[in-house]
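# Coordinate analysis (summary)
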Amino acid sequence: MSTDIWAWVHDTHQQLAEAGHHRLAEAIYELPGHANEGRNEQLDAVFPEALAAARALELPWVEVYLRHWRMQNLLNKRHQGEQALPEAVDLLEFAHREQTEGCPQSVCVVQDFAICHARVDGPGYVPERLAVLGETLERIEPARACFDCLSREYSDALEDDGRPEEALTHLDTAGARMQAAGQRLSLHFHHSRAGTLHLLGRDEEVLALLDGAESRERARGRELDDSDRRWGALLRARALARLGRTGEALALLPPLAEAEQHADLRPAWVTTVETLVAAGAHPNTAELGVAVTGWVGYLDAAGAHRPCLDLLLAAGRLALGRGARTVALTLAATGERKLTRLRRTEGVAEQVAALRADAEALPEPELPVPPGELVALLAAREGAGSPETDVDLVAAARSRHRGHPAEATDLVLHLAGLLGGLGHTRAAADLLWERLEQDPGHEQLTGLLGAVLIDAGDGDGVRRLADRLMATSPADAHWTRARWAAAESRWAEVGEHCAALLAEEPTRINTRRLAAAAATELGDHARAQRLYEEILLHALPAEGTAPEEQHRTVQEPDLWHLITAATANRDWAAVRSAGARIGIEFDRPDGPVDEEWQLVTVRATRTNGATADLPAVRTGPATARLLPVLGDDLALNHGDVVVFAPALLDPPPGEDAPEQVRERWRPVFRLLTLLDPAGFTTYWIDGAWPGDRKWTAFRRALAEAGYGVWAYSSDEYAVTDPKDADEMLPGIYAAVGVPPTARAAEADALLQRLTKRWKHPLAWVDLAKAAGADTARHQEIVERYGL
């Protein structure tokens, strides 16, 4: 079995493109990048359509390929375990059917199967992992790229079985076989070997290995990508921390924000930080605890039981170091629950028991007031204390409280709120459920429970609560379901539940806000405008309204959203009326708003799910005219006027930012809808750079003729010198926007006239074809200049 996977990908892409299946062809190229770089939203946007197309065209090999790369993303970037297990098992079976077993990607599906079982319980599934990996390694040649991947997985299984020496021997043997077969060892292979050396306490060798591996990558002309650099820095930091070289480790340790963004970094990042904390080189803060607890909760929900437990134990040790008794006990309880999901518990069960014992040994705090008065005291000094200190106080008060049931409920509400704020949403929900059985009619209990369940992503819990509320408080049941649907972007359901709630209680304000947001997401701007106008009618006056009722008054965001909806509906009178309430002055007293305000950026979504930041001129409070000439991966183009959402997506730089950064900053807004299409058609031009003077004159002449032009190539773009194939010339790759008033033949003639005196000609194959002109000249330019 020696099929070259990437040669197959290239051939398949070409065949699909030639057959007119361009979206599927592009997906084949794009999916691995989305998967490996953690571009989850783009992958989720591309995958369903691509899979449906592959099945409709009866291309089982392509189906295996697509499903494999999605699994790589789910397992390696999202760290799913039990959630992904049914798909991993089904894909393994599908990839080894008669019509798919010859697919070069079918071998890689074995890796998916092994990783998924490692996520669920690596040590517990060692026999199955070694068996399936060993059988596959025996039947494939070491020259294949997948031999590298499967060898690393086999080594990981040995490590999970407590056999790091055997794991290192396996890697070295596999590496020697691959090199003998002419295969280069990947940087991932060296990273895996570095991890094994670290387990064996050989950290000086880790540093030497990483330096050598990266030097060899650069020597062969390959620059490290962002992922390589992140991992190289983290693995070095981990080794340096254990060697006691804490200053060097801190300098290399990726910031917490990177670990937050990249789930695959988190286990090694936490291990490194824990070592640095023990050495007194890194602060052990409550904020660190909240971050790690959030990651524990993520793995818990994903069914990655063993990684969850490993991270939980680290979080527990850090909590003990801070003296955070309640947090440590809560983590111990979560650990006890996770133990029930493992096949193999020896070693780890003892660690969970030790965590509980050490947490219980921490002293309970002395209460400054009687238990029933503590909530009032904490409310009076809100923000003054540490959340972990406060949660210990409330937990102690609750355990000692013997007073009125209303005080007991207040303590539970406060404790659950604190636990939720510290990342323990499931524990907070359990606490609220327990209290709800004792105080079933308490509105704050049900309200907070709904919020906690939604925050935890507990759909079953939300449905259970809503079903319970429907019998006694239908409005609250609809509100709970509406918020849950909004959290999952099920906007039609949000509208249905909000409508049912408003039928019960017509004066609700927040319900209208949520319903209007749902209508906006659905593109129903008329309904959104009506709902925002109803808010103005039903809102309480700002003056004289109690602080706890201020949400029922008109807020400035309500007016901005009304402006946006009215703009989409071309209701310029409503735009001007709402704008006047927030102090906007318009150039004209009536008619459409089409002014020139400032340069902004409009963030749109491409057909492949990727985002595109488009420079534009703001023409009103919620409109902008796009500047770039765009390709067919966006349903927009040069000169189009669009409506954007009013909220800034990126905050402005602070006063301490460099002046250049502050000057370059432009507001970024999310695209909502196209208002006025300008009707431009895009054609691409390509060739050698004519020089600044000629290019400026070319752009000016096109603009005067009503055309658009936008350069996409960077300074590094180069084309072949036709006089010397070994030399390169600076290049230009740009899009020309032809206005709706011009025919393709006119555009072709204009470009020829503007460039006829240039030393090097440009090619515009598609425009020449659309103009009915001879494309041979352009094809010849493409070949001569290597375009």
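Let me begin by describing the structure that accompanies this report.

### Here's the deal with the overall build of the protein chain
Across its full length, the protein chain holds 36 helices and 10 strands. A globule of 787 residues ought to have a C-alpha radius of gyration of about 28 Å, and the protein chain, at 31 Å, matches this closely. Within the protein chain, the proportion of its 787 residues that are buried is 50%. Partitioning the contacts of the protein chain with sequence separation of at least 6, the portion at a separation of at least 24 is 60%. Summed over its atoms, the accessible surface of the protein chain is roughly 36,500 Å², and 50% of this surface lies on carbon and sulfur atoms.

### So, the packing of aromatic side chains
Taken as a whole and assessed by the stated rule, the structure comprises 10 aromatic pairs. Measuring from ring centre to ring centre gives 6.2 Å for Trp8 and Trp61, while their planes differ by 50 degrees; the resulting arrangement is tilted. Here Trp8 is found in helix H1 (residues 5–18), whereas its partner Trp61 is found in helix H4 (residues 60–77), with 53 residues between them in sequence. Here Trp8 falls in the buried class, since its relative accessible area comes to 13%. Feature note: the residues Trp689, Trp695, Phe698 and Trp758 constitute an aromatic cluster, connected by ring pairs. One cation-aromatic arrangement involves Arg67 over Phe94; the distance from NZ or CZ to the ring centre is 5.3 Å. Note that Arg266 overlies the ring of Tyr298, its terminal NZ or CZ placed 5.6 Å from the centroid.

### Describing the side chain of Thr564
Mapping Thr564 onto the fold places it in helix H30 (residues 556–568). Take Thr564: its relative accessible area is 4%, and that puts it in the buried class. In this structure, Thr564 is in contact with Ala622, Val643, Phe644, Pro646 and Leu672, ignoring residues within four places of it in sequence.

### Observations concerning the side chain of Thr409
Note on placement: Thr409 falls in helix H22 (residues 405–421). Taking relative accessible area as the criterion, Thr409 reaches 0% and is therefore assigned buried. One polar contact links Thr409 to Asp439, side chain to side chain, over a distance of 2.7 Å. Not counting the four nearest positions on each side in its chain, Thr409 is found in contact with Arg435, Asp439, His442 and Leu445.

### Details of the state of the cysteines
Going through the model one piece at a time under the given rule, you end up with 0 disulfides. Cys146 supplies the cysteine sulfur nearest to Cys108, a cysteine that is in no disulfide, at a spacing of 5.0 Å.

### Some thoughts on the sheet that holds strand S4 (residues 641–644)
In space, the 5 strands of this closed barrel follow the order S1-S2-S3-S4-S5, with mixed pairing throughout. For this sheet the average axis-to-axis angle between neighbouring strands, irrespective of direction, equals 55 degrees. Relative to strand S5 (residues 668–676), S4 runs antiparallel, the two being bridged by 4 bridges. The partner of Val641 across the bridge, within S5, is Asp676.

### Thoughts on unusual backbone geometry
Phi at Glu58 takes a positive value of approximately 55 degrees, unusual for a residue other than glycine. Phi at His79 is positive, roughly 55 degrees, even though this residue is not glycine. Note that His79 resides in the loop between H4 and helix H5 (85–95).

### Describing helix H34 (residues 744–755)
Helix length check: H34 (12 residues) gives 17 Å between terminal C-alpha atoms against 16 Å at 1.5 Å per residue, within 8%. For H34, the set of buried residues is Ala744, Ala747, Asp748, Leu750, Leu751, Leu754 and Thr755. Taken down its axis, H34 places every buried residue within 165 degrees of arc, on the same side. The secondary structure elements touched by the buried residues of H34 are strand S6 (681–688), helix H33 (692–704), strand S9 (724–738), strand S10 (762–763), helix H35 (765–771) and helix H36 (776–785).

### Quick look at the packing of helix H17 (residues 305–322) against helix H19 (residues 348–361)
Here H17 crosses H19 at 25 degrees, and the two axes come no closer than 10 Å. With respect to H19, the element H17 is oriented roughly parallel. Handedness of the crossing formed by H17 with H19: left-handed. For the pair formed by H17 and H19, the contact residues are Arg306, Leu309, Leu312, Leu313, Gly316, Arg317 and Leu320 on the first element and Val348, Gln351, Val352, Leu355, Asp358 and Ala359 on the second.

### Focus on H5
Every buried residue of H5 is accounted for by Leu85, Glu87, Ala88, Leu91, Leu92, Phe94 and Ala95. Packing partners of the buried residues in H5 comprise H4 and helix H6 (108–121).

### Some remarks on the pairing of S5
Each regular strand shows side chains that alternate between the opposite faces of the sheet. Relative to S5, strand S1 (residues 599–605) runs parallel, the two being bridged by 3 bridges. Its bridge partner lying in S5, Arg603 is registered against Arg670.

### A word on the environment of Pro541
Tracing the chain through its elements places Pro541 in the loop between helix H29 (525–538) and H30. According to the relative accessible area criterion, Pro541 is exposed, its value standing at 54%. With 233 residues separating them along the chain, Pro541 and Asp774 place their C-alpha atoms 71 Å apart.

### Here's the deal with the nonpolar core
Counting residues in hydrophobic clusters, the biggest one holds 83 residues, and the most contacted among them are Trp269, Trp295, Leu432 and Leu449. The element best represented in this core is H17, accounting for 9 residues. Aside from chain neighbours lying at most four places away, what touches Trp295 is Leu256, Ala259, Glu260, Arg266, Trp269, Val270 and Leu311. Core analysis: the next-biggest nonpolar cluster, separate from the first, contains 35 residues, Ile509, Ala516, Leu531 and Ala574 among them.

### Brief notes about the pairing of strand S8 (residues 718–721)
The pairing of S8 with S9 spans 4 bridges and is classified as antiparallel. In the sheet register, Val719 faces S9, and the bridge partner there is Leu729. Hairpin connection, S8 to S9: the antiparallel pair is bridged by 2 residues.

### Section: the environment of Ala573
As for its position among the elements, Ala573 is in helix H31 (residues 572–581). It is 69 Å that separates the C-alpha atoms of Ala573 and Glu128, two residues lying 445 residues apart in sequence.

### A few points about the pattern of salt bridges
For the structure on display, the rule yields 58 salt bridges. Of the charged contacts, one joins Glu534 and Arg512 as a salt bridge, the two residues approaching to 2.7 Å between their closest N and O atoms. With a gap of 22 residues between them, Glu534 in helix H29 and Arg512 in helix H28 (residues 510–521) connect regions that are remote in the sequence. Exposure class is identical for Glu534 and Arg512. Each is buried. For Asp613, the salt bridge is made with Arg603, and the minimal N-O distance between the two is 2.7 Å.

Rules used in this analysis
Within each chain, residues carry numbers counting from 1 in the order of the written sequence. Side-chain atom pairs in this predicted model are given and counted only at pLDDT of 80 or more, local residue features only at pLDDT of at least 70, and totals for whole chains, interfaces and linings cover all residues. Here the side-chain values reflect all heavy atoms present in the structure, with hydrogen atoms and water set aside. Runs of H or I in DSSP of at least four residues are treated as helices and runs of E of at least two as strands, each being numbered from the N terminus. Radius of gyration means the value over C-alpha atoms here, while the globule rule gives 2.2 Å times the residue count to the 0.38 power. Each residue is assigned to one of three classes by its accessible area relative to the maximum for its type, calculated with a 1.4 Å probe on protein chains only: buried under 20%, partly exposed between the two thresholds, exposed over 50%. Contacts between residues were defined by any pair of non-hydrogen atoms, one from each residue, lying within 4.5 Å. To measure how exposed things are, a 1.4 Å probe is used in the Shrake-Rupley method; for residues, cover is taken only from the protein chains shown. Think of it this way: a Phe, Tyr or Trp ring, Trp meaning its six-membered ring, pairs with another when their centres are within 6.5 Å, and the plane angle makes it stacked under 30 degrees, edge-to-face over 60, tilted otherwise. Note on criteria: charge over ring means Lys NZ or Arg CZ within 6 Å of the ring centre, with the direction from the centre no more than 35 degrees off the ring normal. Distance and chemistry together define a polar contact, namely a pair of N or O atoms within 3.5 Å, with one atom able to donate a hydrogen and the other to accept it when in protein, and with adjacent residues in sequence counting only for side-chain atoms on both sides. In what follows, a disulfide is any cysteine sulfur pair within 2.5 Å. DSSP bridges decide pairing: two strands pair if at least two such bridges lie between them. To obtain each axis, a line is fitted to C-alpha atoms, and for helices this fit is confined to the stretch in contact; angles are then taken between N-to-C directions over 0 to 180 degrees. Expected helix span is taken as 1.5 Å per residue step, with the number of steps being one fewer than the number of residues. Note: the arc covers the axis-to-C-beta directions of the helix. Throughout this description, any angle smaller than 35 degrees is read as roughly parallel, any larger than 145 degrees as roughly antiparallel, any in the 65 to 115 degree range as roughly perpendicular, and the remainder as oblique. Note on convention: the crossing is left-handed when the near helix lies turned anticlockwise from the far helix by less than a right angle, right-handed when the turn is clockwise. Among buried residues, those of type Ala, Val, Leu, Ile, Met, Phe, Trp, Tyr and Cys that are joined through side-chain atoms within 4.5 Å constitute a nonpolar core. Any Lys or Arg side-chain nitrogen found within 4 Å of a carboxyl oxygen on Asp or Glu counts as a salt bridge.

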